[in-house]
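# Structural overview for review
Letter by letter, the chains look like this.
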Amino acid sequence: MKSIELSRRELMIATGGFAIMSLEWPSLSLSQEPDPLGKDLIFRTTDPRNAEPELAKLVQSWITPVKHFYVRSHAPNPDIDVNQYALTVEGCVRSPLTLTLSDLGRLPRHSVTATLTCAGNRRAEFNQEGKVGGVQWESGAIGNARWSGIALADVLKQAGVLEHAKHVWFEGLDKIQRKDEVIPFGGSIPIEKAMVPGDLPGALLADQMNGQPLTPDHGFPLRTVVPGYIGARSVKWLGKIVVSDKPSPNHYLATAYKIVKQTGAIDWAESGPIYRYPINGAIATPDSNATIPAGQLDVSGYVLPTGRLGTKVQRIQISTDQGATWKAAQTFGQTSEFCWQLWRGRVNVTPQTKALYLRASDTSGGFMPARVPWNAKGYLQNSWYRLPIRVS
Ligand SMILES: Nc1nc2c(c(=O)[nH]1)N[C@H]1C(S)=C(S)[C@@H](COP(=O)(O)O)O[C@H]1N2
Ligand SMILES: [Mo]
């Protein structure tokens, strides 16, 4: 927009302000300019890149195309030279490792389809009760992809995990500017989660997303993917693995990504890191800005069951009367471990219908509650999803 306005002003000057007013001006705005990295997303911030898809686009397919997959980055994408790249594995291991991409290429390959979701998905809804900082996510900070790469357990076995190991730390190659220090993004997962053999439910060191090499936005050349855990545990641009008897001291595990009332030392110390995500969901269509004719209305969206092995969606329900009565929605598309479930339903709406509500439950006892207590960082908003609508 800025550059167009400038050239318009320049043109006004050049023409003495005449004639130009009758010209058809291209209806170009900054948000419509194609993203240089090929994303079709709504950018919440551009530096660093934080963006989520329009919901109607998000639920078009069970596997989320890369262009519609949200991006959450705390710093610019690092420049990584694949010829220089090596992953180091150290700490409580018999033999520390330095693995190039071709070393990793010699290990057996695994694939897993898993949903990634940010702990801050739906954060913006907390603002009705009290302002929360951070990226102002609506409900698009979620996506489902086919990830391929090496099992973390295989790499750890090669290094030889020692008896007293309890946690596996991950460290990214990004450089995040915080007050007076520059730190990488990092975190850790319990050794039990890391060592589970096979594709599920452990962790993958992924170099591919939907059958293509990872893009710079998603962690090229290598990232962790931890099915069932909040997105923050799936560290992009992975540079280092440390096996330890303690959880990672990295800010993003030791301090951030906790549920706290206040961002003070006592609250941080009293609460533990979030690992597994709870059930959540959203209504993706209709668009809340559209005026809807009274009568039968088709509704669709997603529900992600609790990130616990063996858990499936149990009930998905829609209400048109603030939750007084509920109607079942139907699932469609695939059902798979650690993946979202797409659904659709049909409800009757009248000019008195002010909003649609979604709630859901799963087979491990998880449910979307009527409301959740406010927390200072705006994490894990999974209350009944409310979509305001206008019916004429
Ligand atoms: N190195 C690094 N890894 C990271 C992050 C980051 O900023 N740096 N963000 C995390 C967070 S908070 C989320 S939700 C996911 C987002 O993954 P995506 O951008 O591939 O969707 O990456 C995680 N891994
Ligand atoms: Mo996140």
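Heads up: these notes are all about the structure in this document. (Residues numbered from 1 in each chain as written. Chains lettered and ligands numbered in written order. Predicted model: local features only at pLDDT ≥ 70, side-chain atom pairs only at ≥ 80, totals over all residues. Heavy atoms only, no water.)

Within the protein chain one finds seven helices and 25 strands. Here the protein chain has a C-alpha radius of gyration of 23 Å; the compact-globule value for 392 residues is 21 Å, and the two agree. Across the 392 residues in the protein chain, those meeting the buried criterion constitute 51%. The long-range share in the protein chain, meaning contacts at least 24 apart out of those at least 6 apart in sequence, stands at 71%. As displayed, the protein chain offers around 18500 Å² of accessible surface, 53% of which is attributable to carbon and sulfur atoms. With 42 positive and 34 negative side-chain charges, the protein chain shows a separation of 6 Å between the mean positions of the two kinds. (Helix = DSSP H or I, 4+ residues; strand = E, 2+ residues; numbered from the N terminus. Rg over C-alpha atoms; globule rule 2.2 N^0.38 Å. Buried < 20%, exposed > 50% of the residue type's maximum accessible area, 1.4 Å probe, protein only. Contact = heavy atoms within 4.5 Å. Areas by Shrake-Rupley, 256 points an atom, 1.4 Å probe, with all protein chains shown as cover. Lys, Arg positive; Asp, Glu negative; His and termini not counted. Charge placed at Lys NZ, Arg CZ, Asp CG, Glu CD.)

This paragraph deals with the environment of Pro-190. Here Pro-190 is to be found in strand 11 (residues 186-190). Residues Pro-190 and Asn-250, spaced 60 residues apart in sequence, show a C-alpha to C-alpha distance of 15 Å. Beyond its immediate chain neighbours, meaning those up to four positions away, Pro-190 contacts Lys-166, His-167, Tyr-229 and Tyr-275.

Across the sheet, which stays open at both edges, the five strands sit in the order 5-4-15-8-11 with mixed pairing between neighbours. The sheet is open, and its two borders are formed by strand 5 (97-99) and strand 11, each paired with just one other strand. Strand after strand, the sheet turns through a mean of 20° between neighbouring axes, direction not considered. Relative to strand 15 (residues 238-244), strand 4 (residues 87-91) runs parallel, the two being bridged by four bridges. Pairing of Glu-90 across the sheet is with Val-242, part of strand 15. (Pairing = 2+ DSSP bridges. Axes fitted to C-alpha atoms, helices over the stretch in contact; angles between N-to-C directions.)

Now for the side chain of Ser-300. Relative to the helices and strands, Ser-300 is located in strand 18 (residues 295-304). The class for Ser-300 is buried, based on a relative accessible area of 12%. Here Thr-285 takes part through its side chain, which lies 2.7 Å from a polar atom of the side chain of Ser-300. Residue contacts for Ser-300: discarding those within four places in its chain leaves Val-59, Ala-282, Ile-283, Ala-284, Thr-285, Trp-343 and Arg-344. (Polar contact = N/O pair within 3.5 Å; in protein donor to acceptor, adjacent residues only side chain to side chain.)

This next bit is on the pattern of salt bridges. Applying the stated criterion across every chain yields a total of 14 salt bridges. Between Lys-57 and Asp-40 there is a salt bridge, with the nearest N and O atoms lying 3.0 Å from each other. With a gap of 17 residues between them, Lys-57 in helix 2 (residues 55-58) and Asp-40 in the loop between helix 1 (2-15) and strand 1 (42-45) connect regions that are remote in the sequence. Note on Asp-40: relative accessible area 30%, which makes it partly exposed. (Salt bridge = Lys/Arg side-chain N within 4 Å of Asp/Glu carboxyl O.)

Okay, the site of ligand 1 next. Neighbouring residues of ligand 1: 20 residues in total, closest His-74, Asp-174, His-218, Arg-223 and Lys-236. Within the backbone of Tyr-70, one N or O atom sits 2.7 Å away from an oxygen atom of ligand 1. Contact between ligand 1 and Lys-236: an oxygen atom at 2.6 Å from a side-chain N or O atom of the residue. Its residues assigned to classes, the shell around ligand 1 shows 10 nonpolar, five polar and five charged. (Near = heavy atom within 4 Å. Nonpolar A, V, L, I, M, F, W, Y, C, P; charged D, E, K, R; others polar.)

A few words now on unusual backbone geometry. For the bond running from Asp-47 to Pro-48, omega is 5°, close enough to zero to count as cis. Among the structural elements, Pro-48 can be located in the loop between strand 1 and strand 2 (50-52). A positive phi angle, near 55°, is found at Tyr-257, a position not held by glycine. Relative to the assigned elements, Tyr-257 resides in the loop between helix 6 (251-254) and helix 7 (265-270).

Most of strand 11 is tucked away: five of the five residues are buried. Strand direction decides the pairing type here: strand 8 (residues 167-172) and strand 11, joined by five bridges, are antiparallel. When the sheet's bridge partners are listed, Phe-170 is paired in strand 11 with Gly-187.

Another point: the sheet that holds strand 21 (residues 330-332). Strand order across the open sheet formed by four strands is 16-18-22-21, with antiparallel pairing between neighbours. For this open sheet the edge positions go to strand 16 (280-285) and strand 21, each flanked by a neighbour on one side alone. Going from strand to strand, the sheet's axes swing by 35° on average, the running direction of each strand aside. When strand 16 meets strand 18, the two strands line up antiparallel, connected through five bridges. In the strand pairing of strand 18, Ala-282 is matched with Tyr-302.

Counting 80 residues, the largest nonpolar core has Leu-152 and Ile-241 as its most contacted members. Residue contributions to this core peak at five residues, all from strand 18. Formed jointly, this core draws a minimum of three residues from each of two domains, domain 1 (8-270) and domain 2 (280-391). With sequence-adjacent residues up to four places away left out, Ile-241 is seen in contact with Leu-87, Thr-88, Val-89, Glu-90, Leu-152, Leu-156, Val-168, Trp-169, Phe-170 and Leu-205. Of all hydrophobic cores here, the second largest spans 16 residues; its members include Ala-114, Cys-118, Trp-137 and Ala-145. (Core = buried A, V, L, I, M, F, W, Y, C linked by side-chain atoms within 4.5 Å. Domains from an automatic or database assignment.)

Under the criterion given, the structure shown has zero disulfides. The thiol sulfur of Cys-339 is not disulfide-bonded, and the nearest other cysteine sulfur, from Cys-118, lies at 18 Å. Look at Cys-339 and you get buried, because its relative accessible area is 2%. (Disulfide = S-S within 2.5 Å.)

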